Amino acid sequence: RSGSSRIFSSVAEESSMGTTAQEATTNNSVKKTPPPPQPDMQAYSNGYKTAFAEISCSLSSPISGTLPSDLIGTYYKVGPAMFSAGSLPPPKNSLVKPRQPPVPDGEDASRMVQHPFEGDGAVLAVTFHGDGEYDVVVGEDGEEEPRVDTAGKATSRFRYIRTNAFTNERKKGKKLYSGMESTRGGSSSVVGNDLPLPFYRHHLLPGLNKMRKNTSNTRVVYFGKKLLSLWSGGLPYKLDSLALSTDGRTQLGGVVKREESSMGAKAVIDAKRNRILFFGVDEESGSASQLNLFEFNSKFQAIKDNDGAVSVKLPGVAMIYDFAATDNYAVFVQPVLKVNGMQYMLSKEPGKSVELEGEPSLLHIVGRAGSKNAGGIKTLEIPYDGAPDANLQFINAYEEEDGTIIFDAIRSDGTQSSSSSSNTQWPWASSLSNYQSMASKKSLWRYKVHPQKGFISKDCISNDNLYFGIVNSKTSGQKHRYIYAAAAAMGEVVAPPQGITKLDLASNTQESWFPEEGYEFCGEPMYAPRRGVDDDAEDGGYILSTLFNGNEERSEIIVLKASDVASGPIARVPLDVVMPHGYHGCFASTEDANWTYEQIERRAKLADKMETRGSMWNEVKSDFSGLGLRFDDMEEYFGDLM
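Residues numbered from 1 in each chain as written. Predicted model: local features only at pLDDT ≥ 70, side-chain atom pairs only at ≥ 80, totals over all residues. Heavy atoms only, no water.

Asks: Can you lay out the environment of leucine 291 for me, pointing to particular residues and giving the numbers?
Replies: Following the sequence through the fold, leucine 291 ends up in strand β13 (residues 288-296). Among the residues examined, leucine 291 registers a relative accessible area of 0% and is labelled buried. When the C-alpha atoms of leucine 291 and valine 366 are compared, they prove to be 9.6 Å apart, with 75 residues separating the residues in sequence. Excluding anything up to four places from it in sequence, leucine 291 contacts Gly280, Val310, Ser311, Val312, Leu314, Ile320 and Phe332. (Helix = DSSP H or I, 4+ residues; strand = E, 2+ residues; numbered from the N terminus. Buried < 20%, exposed > 50% of the residue type's maximum accessible area, 1.4 Å probe, protein only. Contact = heavy atoms within 4.5 Å.)

Asks: With reference to specific residues and values, describe the environment of serine 60.
Replies: Within the secondary structure layout, serine 60 lies in strand β2 (residues 55-60). Each C-alpha atom, one on serine 60 and one on phenylalanine 128, is 10.0 Å from the other, the two residues being 68 residues apart in sequence. Those residues within four positions of serine 60 in sequence are excluded, and the remaining contacts are Lys153, Ala154, Val573 and Pro574. Within the local environment of serine 60, its side chain forms a polar contact with the backbone oxygen of proline 574, the two atoms lying 3.4 Å apart. (Polar contact = N/O pair within 3.5 Å; in protein donor to acceptor, adjacent residues only side chain to side chain.)

Asks: Describe a nonpolar patch on the surface, naming the residues involved and giving the relevant values.
Replies: A contiguous nonpolar patch, built from Met342, Met345 and Leu346 and spanning about 370 Å² of accessible area, is present on the exposed surface. Mapped onto the elements of the fold, methionine 345 is located in helix α5 (residues 341-346). (Patch = residues over 30% accessible without salt bridge, like charges linked within 9 Å, V, L, I, M, F, W, Y side chains within 5 Å. Areas by Shrake-Rupley, 256 points an atom, 1.4 Å probe, with all protein chains shown as cover. Salt bridge = Lys/Arg side-chain N within 4 Å of Asp/Glu carboxyl O.)

Asks: Residues and numbers for the sheet that holds strand β5 (residues 120-129), please.
Replies: Here 5 strands make up an open sheet; going across it, the order is β2-β6-β5-β4-β34 and the pairing antiparallel. Each end of this open sheet is capped by a strand with a single partner; those strands are β2 and β34 (585-588). Here the average twist between neighbouring strands, direction ignored, is 15 degrees. Relative to β5, strand β4 (residues 72-82) is paired through 10 bridges, and the arrangement is antiparallel. The partner of proline 80 across the bridge, within β5, is glycine 121. Along the sheet, helix α8 (residues 597-612) contacts β2, β5 and β6 (154-160); its crossing angle with β2, the most-contacted strand, is approximately 160 degrees. (Pairing = 2+ DSSP bridges. Axes fitted to C-alpha atoms, helices over the stretch in contact; angles between N-to-C directions.)

Asks: Talk me through the nonpolar core; I want residue IDs and the actual numbers.
Replies: Core analysis: the largest hydrophobic core is formed by 41 residues, its most contacted members being Leu71, Tyr75, Phe128 and Phe158. At the level of elements, β4, β5, β6, β26 (482-488), β30 (526-528), β31 (542-549), β32 (554-561) and β33 (569-574) are the ones that each hand at least two residues to this core. Sequence-distant contacts of leucine 71, defined by excluding residues within four places in its chain, comprise Phe128, His129, Gly130, Ala528, Tyr542, Leu544, Val559 and Phe587. If you look at the next biggest cluster of nonpolar residues, it comprises 25 residues, including Tyr48, Leu195, Ala439 and Val494. (Core = buried A, V, L, I, M, F, W, Y, C linked by side-chain atoms within 4.5 Å.)

Following this line, the structure appears as structure tokens:
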């Protein structure tokens, strides 16, 4: 199903506020196309089932259409995939056996997580081989090594991230981390336990402790020949780019000084300078926090200016999970929280300790390392329109010539659209009313910030229910024309993401594609450029996404033309794993991410061999130097005494 329509655009220039959250609900498109059928919610709910198997290396051909010869590179995506703790069986000849065997979801309630976000992270990688032309490799005998025909095919793999927590629970065959149980099962606001990404992401007890389970399940980034998985509240994990095996936690080459630092689950690429930025928020007390901003060059080395890091003080408990970057600044939004001092001191459980205030959120503009305002901060209040600017999903930001900062974000209205009580017990979202009791309305907004005037306006670009907005990565940090997002099939009504939509901010038009069947659901779209084509068009490449068939419980990769989203997929590639819905990913288009099937297969076999020997059952701390690997899991020594 496809269609196009006009989108609302009315950026305020003379007032302190544009469209309000309430007004946005009345702004209808000039032209509407008939909506697709209501989603099959039982089918959607099947996307929150544990993946009990992994893929080491699998070569697939499209089941429909043809993969373009200029689609070359590797697509990555991460998300929670284990909802019954400790349920990935070890290799048959593994030296280590779990104390309890894996169990199907729902069979043992004590092993089930209380929210999909608490599931252990797993990474999908799909390498597109284009026409299959690679350099000839000659063996030691002087003969050309045989090569599998990969023309028009893709090589996939799927593997769990062996985090400290994952390994502990896998060894013992039970759930060991319950710090978020009362928050997930409590009566917090809908945004606190929102779907797909909740506002309450982790326990508030700082440092390395059993209250915070680093699932490493939120975002995966490839940059400077390194692959990292991210989660809000802990260090990133470094993964092998080919086999997806886990190297260990990383302090980013020592730039992050403390192992207990709380890193964010967002990285921003500066396309103009070919750099990458990370951030973290460390709590100093209940009344103050420290925001740390890190910046690396194309070789993943800290830039020389300011040693690649700046830090600023923020007021109160700063629950910040996302940001955007322009040429000179990083932009953060901090919602104002009401803190229950006694609960914060005694338990630090988010659902009991903090709640969103009905007040203006704070916009922090932080000078990037190397800029003339490096380490400086300017804080402005975002006009309050009845809904706090909390849990924003930043899409992109840029600066105009007059210094105005513009950023687009998917914003939650913070309200519950169903009168049903929120159900955080598995199975999740098995009916539309249940989904609406857990998910808030999300729409696309544009913010204009005039730092010198102290003036902010915000306007609703599209009031359709949207998720996971992205831009062409070459426009990251620069002015963009197009936004791609996953879209609900019921327009402005709260429903899960099903299709792909494209918004043209220059012509104020929107075009969408939805699956024909109500039991199919798309994930985050991802832009992939065309290899070897001199095309400066911002929509000249392809859009990739996972597609989950909840009726047959199978997954695919779909490929659409970015210039013609409404026409739907030009190719559909089956996956040999049923991948749960998942979160954020990336597309690595550089030459170093264009591996042959043989290279991937060899690395995957090595990873499996190490797993069999039991070496991956112990978590190590890894850094970019590759030096100083050491055990980091105290439970390895003290077992059940901890």
